[in-house]
Amino acid sequence: MAASELYTKCARVWIPDVEEVWKSAELIKDYKNGDASLQLMLEDGTNIDHKLDPKTKNLPYLRNPDILVGENDLTALSYLHEPAVLHNLKVRFIDSKLIYTYCGIVLVAINPYETLPIYGTDIINAYSGQNMGDMDPHIFAVAEEAYKQMARDERNQSIIVSGESGAGKTVSAKYAMRYFATVSGSASEANVEEKVLASNPIMEAIGNAKTTRNDNSSRFGKYIEIGFDTRFRIIGANMRTYLLEKSRVVFQADEERNYHIFYQLCASSHLPEFKNLKLSSANDFLYTRQGRSPVIDGVDDTKELCSTRNAFSLLGINESYQKGLFQVLAAILHLGNVEIKDRDSDSSIIPPNNRHLTAFCELVGVTYQDMSQWLCHRKLKTATETYIKPLPRLQATNARDALSKHIYAKLFNWIVEHVNKALITNVKQHSFIGVLDIYGFETFEINSFEQFCINYANEKLQQQFNMHVFKLEQEEYMKEQIPWTLIDFYDNQPCINLIEAKMGILDLLDEECRMPRGSDDSWAQKLYNTHLKTCSLFEKPRMSNRAFIIQHFADKVEYQCDGFLEKNKDTVNEEQINVLKASKFDLLVELFQDEEKATSPTGQVPGTGGRTRLSVKPEKSRETSSREHKKTVGCQFRNSLQMLMDTLNATTPHYVRCIKPNDFKLAFSFDPKRAVQQLRACGVLETIRISAAGFPSRWTYQEFFSRYRVLMKQKDVLPDKKLTCRNVLEKLVQDQDKYQFGKTKIFFRAGQVAYLEKLRADKLRAACIRIQKTIRCWLARKKYLRKRNAAITIQRFTRGYQARCLAKFLRRTQAATIIQKYQRMCVEKKRYRQKQAAALAMQTILRAYMARQKYQALLREHKAVIIQKHVRGWLARCWYKRCLVSLVYLQCCFRRMKARRELKKLKIEARSVEHFKKLNKGMENKIMQLQRKIDEQNKDNRLISDRLAGLETSYTAESERMRGELGRLRGVEEDAKNKGNQVNSLLEELEKLRKELSATQQEKKTIEDWAQTYRDEMEKMVSELKDQNGSLKKEKDDLNRSIQEQSQQMTEKMARLIAEETQQLETDLNEERSRYQNLLTEHLRLEEKYDDLKEEMALSSNVSKPGHRRTDSTHSSNESEYTYNSEYAELEEGSRAAEDVTRGIDTPLTLKLQKRLTELEQEKQSLRNELENKEEQFQRARARDDAEFKKARGAELEYESLKRQELESENKKLRHDLAEMRQSLLGHPATGAGAPGSPAYKVLLDQLNASCEELEVRKEEVLILRSQLVSQKEAMQHKDEKETMTEPSVYVEDVSKLKDADEIKQAYIGLKDTNRSPRFMCKPLEVSDLLSRLRSAAPDFHKLNEDGELWLVNQGLKETIRLLEHQLQTQRRSYDNEVEALRGELQNVKEENNRQQQLLAQNLQLPPEARIEASLQHEITRLTNENLDLMEQLEKQDRTIRKLKKQLKVYSKRIGEMGAGQAEGQTSPGQMVDEPIHPVNIPRREKDFQGMLEYKKEDELKLVKNLILELKPRGVAVNLIPGLPAYILFMCLRHADYLNDDQKVRTLLTSTINSIKKILKKRGDDFETVSFWLSNTCRFLHCLKQYSGDPAFMKHNSQRQNEHSLSNFDLAEYRQVISDLAIQIYQQLIKCMENILQPMIVSGMLEHETIQGVSGVKPTGLRKRTSSIADEGTDTLDSILRQLSAFHSTMCQHGTDPELIKQVVKQQFYIIGAVTLNNLLLRKDMCSWSKGMQIRYNVSQLEEWLRDKGLMTCGAKETLEPLIQAAQLLQVKKKTDEDAEAICSMCLALTTAQIVKVLNLYTPVNEFEERVSVAFIRTIQTRLRDRCETPQLLMDTKMIYPVTFPFNPSSLALETIQIPTSLNLGFLTRV
């Protein structure tokens, strides 16, 4: 392919630039071979002429297509060169805020200088288990790759983190270790991962410092090996350190600081524990004030020291050691302030009593004299003598600083050693992952020995990196069977040889150090002489003889020779060391006690505890150690570096290159110059160059076919896609060297993918142009036709308009002519009429004047006649009125006199009658009955008296007549006297009436005048009141209307508030339930850890035995896990059993676990106490209801007792009447009144018949009453037995009162008025029978009285009369009570009325709005109170009715049993012998199966084993009734309850719970097992509720099921335990489903193309992503749906509650949505328009599945709302402010961080899509700024919704359950 094909017009290229390094430009003219320049246009529109190099003719670099910009992997770029790499990094860093980018096997990390929320636990969980290329670049992805390769390949791994100071190496290494600690956990509970992380603040405090480039720069290198066991859990760690910058202890440059620990101590000097250190501000000490920058912005050194001390404590360094460390550090600061003065030119002296030296000596425990002596002197030894030589001040100061550096280095090594000891465990290490945090390539203005060693180490690491990259490339080519040739890459072995080979720089430096008078100058001359002419990488500066230049792989570096020898020797005055060794301070002695021992150059400790080290050298002898101790620093560093390289070569390396974007620590600011320097120095560009030298772009055949299908014709597509790709590629690219075909991939040279993309874009552009052409043609024709039709329509309407205008003109002309004609006519007619009217007016006026004159004369005459007539009439009427008034007054006086007399009589009569009516109101019926009976008796008596008096009428008639006549005469005389007196009185009265008549007339006149005045006033007032009433009515209507409106508003507002409050309460309830279930989960997790600890203790106790013992799997089947009742005891036993092995376990962790367990138990106890309080309140409420019930029953009994008393009184009254009748009959024995046929005898017979009839009725009523009382007695006895006989029954006393037969008869008679009905009527006693009985005996009534019936009748009549009187009195009292009650109610109503009036008056004073609101509020309050009262009364009545119904059933059953028992008790002994089956007849009928299973105690283990431990859901359990194990366990429990065996109940429940836990622990990863036991546990819980006897759970039971309720034990506490167990099983089920679903979700929801051809595959780099094309074994959406259906069918088959299934499905969909959204947020390649369409289609398929299963209402769809909105966000327009507003209103379920992340990650798949601008993202952030939400980016995939178990009673009868023989439960017996 010729260059002219690519360098065409509009092609974009990169040209060099001084400021931006590289600048983009666009060709404005095609390039032709031979052109000397290119015509370019810059991005700012400037045209330039770019000259080409005449020698090389190299064209500028081509720019990649826009769709490749911002790629995750730099190797995915088609053009691999420096400007493409730089631009890609800049776009990702500035525009997308992405700091990580892959470059082949290297992770490039750019320091953002800002805290980003991408390192949380949710991000760690998202990257855990993912392939490195499947997620966006991240340090966690590199860590996961290392962890996965370690587990998969059984090979140790290394992560090499390098970069400049300030690039973020330490932070990257820290996050990598945090990832390992979080993902792997630890093998024991010693919190090793916490210790590994805790080593970071310690090492940062003692090894990090502020530099000009970094506030937290690591001034040493470290390699941390994190050890793992066979299960790949962290067991320990080990740290190696390299080249601590000791010179920083005594010197710091401007704007730099010493090590952090010194400033932390100075900042905390005010604390009491640091008073003895005698510290002060950091500016008071020489070693901390030289940099003049003692404070770092945003860092609190006091808090940092607290963190450091906490880390020391966590790593086992106790307070005493910490105090010693701080003493040594403080002593170093004081030593730096020791002032040394000149004594003379060759000696120096320390002034006496120097306070800093005194403080130093006190802190380190040495004498002042010795230390001051040897700070200013040194000892020289020769072969024969020893000299003490004084030191000049400069040398003494250097010796002091050397001592400070030496002490700090020893302290540093000691801390590293103890950190390693704390991180080492006794568990054998299986593998490790090393994290190397080492300094990057450094070059400063002045480079010394430290920079030389650092760059030497980077040369070695770069060589190892180049070899590894080359090796990977070679392996890839060989794997794909592609011929390869050696790639020419930079080999830095010559530079390494220059440094470390024989006669190299280090060798000459060591040789010079051994010379007696060696110096830096002589060493420099040796370097010049040796290497200047022989090595091209070594140069000499032109202007200096004390420096040299080395050409490193990254850049040339000039080193100054000053100080090389001194730093390489690292000499310390030996006498000073001896003084310190003689110290009384134990820690200082410990620091220097290994001076004579062999130590590694880094001070590390060889690994112990079974650690496997790849590069551990054997321990040397003391002599060898003594010699090695004298090695120079360079030699030590070279050896340690070689050990490091051996370790790295023995591991699989992973590279992280940290880039510093700018030198000013600005957040997200990119300096291209600095970035290019670091990219060149860290080897990233070398990686690019190596990749570009071969075939950097690699595609699978399927990906190539999917992407470039548009370039193929239909005939080119063959069934074999590999052959199709081969044929098409040969046609498209003619040069065969530009690509190679591998086994599974196609390899392309650099630039070929861009060429193919150009062809694809051209093809798509041509297709777009054709589509646009057709569409535009269609639009243009449509527009033309629309215009043509519009023109025709306009013409039609125009012509019509013109015609209408002409017609209108003609009509107007004709109308104008007509108007003129009529107007002229009107004018003439008007003139004529005016003249005529004037003439007529003159005539009218004249005639009228004459008529008026005549009329006035006639009128005067007529009025005179009328006046005369009226005067005469008035005089006549006055005389008549006077006469009439006198007569009327006389009549009134007479009538008033008569009326007064009549009124007086009526008052007397009314007073007596009304009083009687008042007293006897309501008793008319009874009075009438009594009056009727009295009249009948009076009639009978009158008849008898008349008959008796008839005998005397004959001889008394005359005397009576005479007496009557005498009386008549006397009456006539009296009447005459009375009439005479009456005449006199009438005359007197007449006179008085005349006088009163005159007075009355006067009063009448006055009253009439007043009445007239009053009537006028009242009419006026009425009119005013009517007006006011009208206004008030109008106002009332307005108020009513406003009240209705406000009432409606208030109702809506209250409904809304109630709904919100309800929602808030539901939310709080769910949060509380979730918190409780989380605590339960934590408790169960601690239980499992406790069991694991016990197992480890048991195993560790047998460690001494050789070999590996495997525990029998059946051993745990007989073990019993501790239950809720015994867990404290087992904890204590476990703690006692662990005393012998606690040395191997971390004591703080054990205490921490015990404390956590105690807290959980306390919280559990508090929850139990709260539950007990609730139950106690329920019991109190229940007792209160029972008391109310007893009160109601007492009232009923009182009523029945009153009825009995009434019966007794009526009976006595009847007896009394009978006795009186008998006496009346016996009073006249001689008259024969009692003979048959006599009137007295007939009357007696009639009364006797009636009494007998009534007697029979009363007998029936007595029997009924007795049966009721007996029933009540038995019911109360049963209730007393149930309530443990705590209260005596009231009913027993009532029944005991009726033992006598007379009282029973009296009771029967008393029921006459209350229970008289036709069904109680019996046939009366026959009259013939009564007559025969009367006649058979003597005719006297003594014989009749002996029978007793007449006496009974008489007594009954008496009692009846007495009862009537009692009823009358009772009703009178009740009437009085009712009157009083009504008066009280009336008073209350009056008070309420007054209060309402006051309230109305107050409201009227308020404004209208406040008035309406106050009245509404008052009315709402009143109605609410009334409703609450009514609801409370209704609930009480409902409870009373339910309890009465229940007790009535129980009483009826007991009465039936007692009746049977009485019948049995009344049998004679003969009957007992003759009929032996009768006594057991009734109990045998109850002997049907009662739904219980009986088992022996020794069979309990067998029951649990066969029913729980060995029951397999896939085997026997498939054909069982759903929930059969739960039913069987409950039936066994019922039998234990029936036996009242609490021990058996407790052991059965405990064994059941522990066995279910055991089977879940054993097979907890089997979904069917977990689902099966979740269903059975819930069914068992429902059975415990259904048969508990609680009315709330018995509403849906049948009568037979209620009979099966538990009778002896309240298992409410165990219900709570089983509910907790069900929660545990539910969470286990969710975890099991999550483990099955999670690997399928990303592939099925995101990667698989459900709609084929919508999204194309973009070019990818070395980190290949999973193909979106469904291969064999790839999970698709159908796989997810099939798995969901399998879950659903399994749960339905096991009989899981429907509500529980809904909760499970909701949790499943939440997991699917959360995992999909999290991966979408972490995968840049998935954020495209086409992927949004795929996601929405997949979600619709999930919704269709919900619809098919009938689960749309379970809330599962709502859990997918964030994912749906994210998919919509990918598809909506993202340009204008309107789009931003639409996005903000649409994405309510997404957080601001998620919305911004999706917009940042949005990546076009084709060139026609546009990226989201930064300004648009800023607009979105501004609009969403006020949202109150968590800043969390990812959804919590571990979140589990709180589960509830709604009560679901079973309709299955327990007695019908059959036990299959396959369960092997033959030892159970049905009862």
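Residues numbered from 1 in each chain as written. Predicted model: local features only at pLDDT ≥ 70, side-chain atom pairs only at ≥ 80, totals over all residues. Heavy atoms only, no water.

A word on the overall build of the protein chain
Piece 1. Helices and strands together make up the secondary structure of the protein chain, namely 53 helices and 26 strands.
Piece 2. Counting every position in the protein chain, which comprises 1871 residues, the buried fraction comes to 42%.
Piece 3. Long-range contacts, defined here as pairs at least 24 residues apart, represent 75% of the contacts in the protein chain between residues at least 6 apart.
Piece 4. In the form shown here, the protein chain has an accessible surface area of approximately 103,000 Å², with 54% of it arising from carbon and sulfur atoms. (Helix = DSSP H or I, 4+ residues; strand = E, 2+ residues; numbered from the N terminus. Buried < 20%, exposed > 50% of the residue type's maximum accessible area, 1.4 Å probe, protein only. Contact = heavy atoms within 4.5 Å. Areas by Shrake-Rupley, 256 points an atom, 1.4 Å probe, with all protein chains shown as cover.)

Some remarks on the sheet that holds strand β24 (residues 745-748)
Piece 1. Read from one edge of the open sheet, three strands run β22-β24-β23, paired in antiparallel fashion. The open sheet has two edge strands, β22 (697-700) and β23 (739-741), and neither has a second partner. On average, each strand axis in the sheet is inclined to that of its neighbour by 20°, with strand direction left out of account.
Piece 2. Across four bridges, the pairing between β22 and β24 is antiparallel. The partner of S697 across the bridge, within β24, is F748. (Pairing = 2+ DSSP bridges. Axes fitted to C-alpha atoms, helices over the stretch in contact; angles between N-to-C directions.)

A word on the packing of aromatic side chains
Piece 1. Scanning the model with the defined rule gives 35 aromatic pairs in all.
Piece 2. Considering the side-chain rings of Y7 and Y31, the 6.3 Å spacing of their centres and the 70° angle between planes classify their relative orientation as edge-to-face. Of this pair, Y7 sits in the segment before β1 (12-17) while Y31 is found in the loop between β2 (21-27) and β3 (37-42), placing the two residues 24 residues apart along the sequence.
Piece 3. A residue is classified by how much of its surface remains accessible, and Y7, at 8% relative accessible area, is buried. (Phe/Tyr/Trp six-rings, centres within 6.5 Å; stacked < 30°, edge-to-face > 60°.)

Examining the sheet that holds strand β5 (residues 61-62)
Piece 1. Spatially, the five strands line up as an open sheet ordered β4-β3-β2-β1-β5, and their pairing is antiparallel. Two strands close off the open sheet at either side, each with one partner strand: β4 (47-51) and β5.
Piece 2. Its contacts with the sheet put helix α1 (residues 82-95) on β1, β2 and β5, and the angle it makes with β2 is roughly 100°.

A look at a negative patch on the surface
Piece 1. The grouping of E1060, E1061, D1068 and E1071 at the surface amounts to a negative patch.
Piece 2. With respect to the helices, strands and loops of the structure, E1061 is situated in helix α28 (residues 953-1101). (Patch = residues over 30% accessible without salt bridge, like charges linked within 9 Å, V, L, I, M, F, W, Y side chains within 5 Å. Salt bridge = Lys/Arg side-chain N within 4 Å of Asp/Glu carboxyl O. Lys, Arg positive; Asp, Glu negative; His and termini not counted. Charge placed at Lys NZ, Arg CZ, Asp CG, Glu CD.)

Here we look at the pairing of strand β20 (residues 556-560)
Piece 1. Of the two faces of β20, the one holding V557 and Y559 is buried and the one holding K556, E558 and Q560 is not buried anywhere.
Piece 2. For strand β19 (residues 547-551) and β20, the ladder comprises five bridges, and the chain directions are antiparallel. Following the sheet pairing, I550 is matched in β20 by V557.
Piece 3. Between β19 and β20, which pair antiparallel in sequence order, lie four residues.

Description of the confidence of the model for the protein chain
Piece 1. Residue-level pLDDT values for the protein chain average 78, and 77% of them are 70 or greater.
Piece 2. The secondary structure element of the protein chain with the lowest average pLDDT is helix α38 (residues 1469-1474), at 37, and the one with the highest is helix α6 (residues 260-267), at 94.
Piece 3. Under a pLDDT of 50 for its full length, residues 1103-1149 has, in the predicted model, 54 contacts with residues more than four places off or in other chains.
Piece 4. Segment residues 1460-1487 is flagged for pLDDT under 50; beyond a separation of four residues in sequence, or across chains, it makes four contacts in the model. (pLDDT = per-residue confidence, 0-100.)

Details of the nonpolar core
Piece 1. If you look at the biggest cluster of nonpolar residues, it comprises 315 residues, and the most contacted ones within it are F180 and F548.
Piece 2. In terms of residue count, helix α45 (residues 1612-1647) provides more of this core than any other element does, 18 residues in total.
Piece 3. One finds W699, L711, F741 and A754 within the second-largest nonpolar core, a separate group that totals 32 residues. (Core = buried A, V, L, I, M, F, W, Y, C linked by side-chain atoms within 4.5 Å.)

Notes on the packing of α6 against helix α8 (residues 301-314)
Piece 1. Between α6 and α8, whose axes approach to 8 Å, the crossing angle comes to 110°. With respect to each other, α6 and α8 are oriented roughly perpendicular. Remark: the crossing between α6 and α8 carries left-handed chirality. Contact with α6, carried on its side by I261, Y263, Q264, L265 and A267, involves D301, T302, E304, L305 and T308 of α8 and no other residues of that element. (Parallel < 35°, antiparallel > 145°, perpendicular 65-115°, else oblique. Left-handed = near helix turned anticlockwise from the far one by under 90°.)

Things to note about the environment of D510
Piece 1. Position of D510 relative to the elements: it lies in helix α15 (residues 505-514).
Piece 2. Residues D510 and W523, 13 residues apart in the sequence, show an inter-C-alpha distance of 9.7 Å.
Piece 3. If sequence neighbours within four positions are ignored, D510 has contacts with N568, T632, C635 and R638.

Thoughts on the pairing of strand β7 (residues 106-110)
Piece 1. Counting buried residues along β7, five of its five residues qualify, which places the element largely inside the surrounding structure.
Piece 2. Direction of pairing for strand β6 (residues 100-103) relative to β7: antiparallel, over a ladder of four bridges. Residue T101 lies in a different strand from β7, and its bridge partner there is V108.
Piece 3. Joining the antiparallel neighbours β6 and β7 is a turn of two residues, in which G104 adopts a positive phi near 70°.
Piece 4. The pairing of β7 with strand β21 (residues 652-659) spans five bridges and is parallel. By the bridge assignment, I110 is partnered in β21 with I659.

Re the pattern of salt bridges
Piece 1. Following the criterion strictly, the structure yields 47 salt bridges and no others.
Piece 2. With a closest N to O distance of 3.8 Å, E1855 and R1600 form a salt bridge. One end of the pair, E1855, is in the loop between α53 (1814-1823) and β26 (1869-1870); the other, R1600, is in helix α44 (residues 1599-1603), with 255 residues separating them in the sequence.
Piece 3. Residue E1855 is classed as buried on the basis of its relative accessible area of 17%.
Piece 4. Three or more residues joined by partner-sharing salt bridges are found here, namely E164, K660, D663 and R674.

Examining helix α16 (residues 520-531)
Piece 1. A rise of 1.5 Å per residue sets the reference length of α16, with its 12 residues, at 16 Å; its end C-alpha atoms lie 16 Å apart and thus fit the reference within 8%.
Piece 2. Those residues of α16 lying buried are D520, W523, A524, L527, Y528 and H531. With its buried residues spanning 140° around the axis, α16 presents them on a single face. (Expected span 1.5 Å × (residues − 1). Arc of directions from axis to C-beta.)

Some points on the side chain of N64
Piece 1. Position of N64 among the secondary structure elements: in the loop between β5 and α1.
Piece 2. In this structure the side chain of N64 is engaged in a polar contact, spanning 2.7 Å, whose partner is the backbone nitrogen of Y79.
Piece 3. Non-local contacts of N64, meaning those with residues more than four positions away in its chain, are made with R12, V69, L77, S78, Y79 and A84. (Polar contact = N/O pair within 3.5 Å; in protein donor to acceptor, adjacent residues only side chain to side chain.)

Considering the side chain of S1605
Piece 1. Here S1605 shows up in the loop between α44 and α45.
Piece 2. We classify S1605 as buried; its relative accessible area is 15%.
Piece 3. Looking at S1605, its side chain comes within polar contact range of the main-chain oxygen of N1602, at 2.9 Å.
Piece 4. With sequence-adjacent residues up to four places away left out, S1605 is seen in contact with Y1587, G1589 and M1594.

Digging into the environment of P392
Piece 1. Take P392: it is sitting in the loop between β16 (386-390) and α12 (393-423).
Piece 2. In the structure, P392 is positioned 52 residues away from I340 in sequence and 9.5 Å away in space, judged by C-alpha atoms.
Piece 3. In contact with P392, other than residues within four places in its own chain, are S345, D346, S347 and S348.

Details of unusual backbone geometry
Piece 1. Despite not being glycine, M503 shows a phi value in the positive range, around 65°.
Piece 2. Turning to its location among the elements, M503 is positioned in the loop between α14 (493-500) and α15.
Piece 3. The backbone phi angle of N1540 is positive, close to 60°, even though this residue is not glycine.
Piece 4. As for its position among the elements, N1540 is in the loop between α41 (1524-1538) and α42 (1542-1562).
Piece 5. Under the relative-accessibility criterion, N1540 is labelled partly exposed at 48%.

Observations regarding a nonpolar patch on the surface
Piece 1. Among the surface-exposed residues, I771, I775, W778 and L779 lie close enough to one another that they form a single nonpolar patch of about 420 Å² accessible area.
Piece 2. Among the secondary structure elements, L779 is positioned in helix α26 (residues 752-919).

A word on a positive patch on the surface
Piece 1. On the surface, K782, K783, R786 and K787 cluster together into a positively charged patch.
Piece 2. Within the secondary structure, K783 sits in helix α26.

Some remarks on helix α51 (residues 1777-1786)
Piece 1. Where α51 is concerned, the buried positions are D1779, A1780, I1783 and C1784. The arc that holds the buried residues of α51, viewed along the axis, is 135°, so those residues lie on one side.

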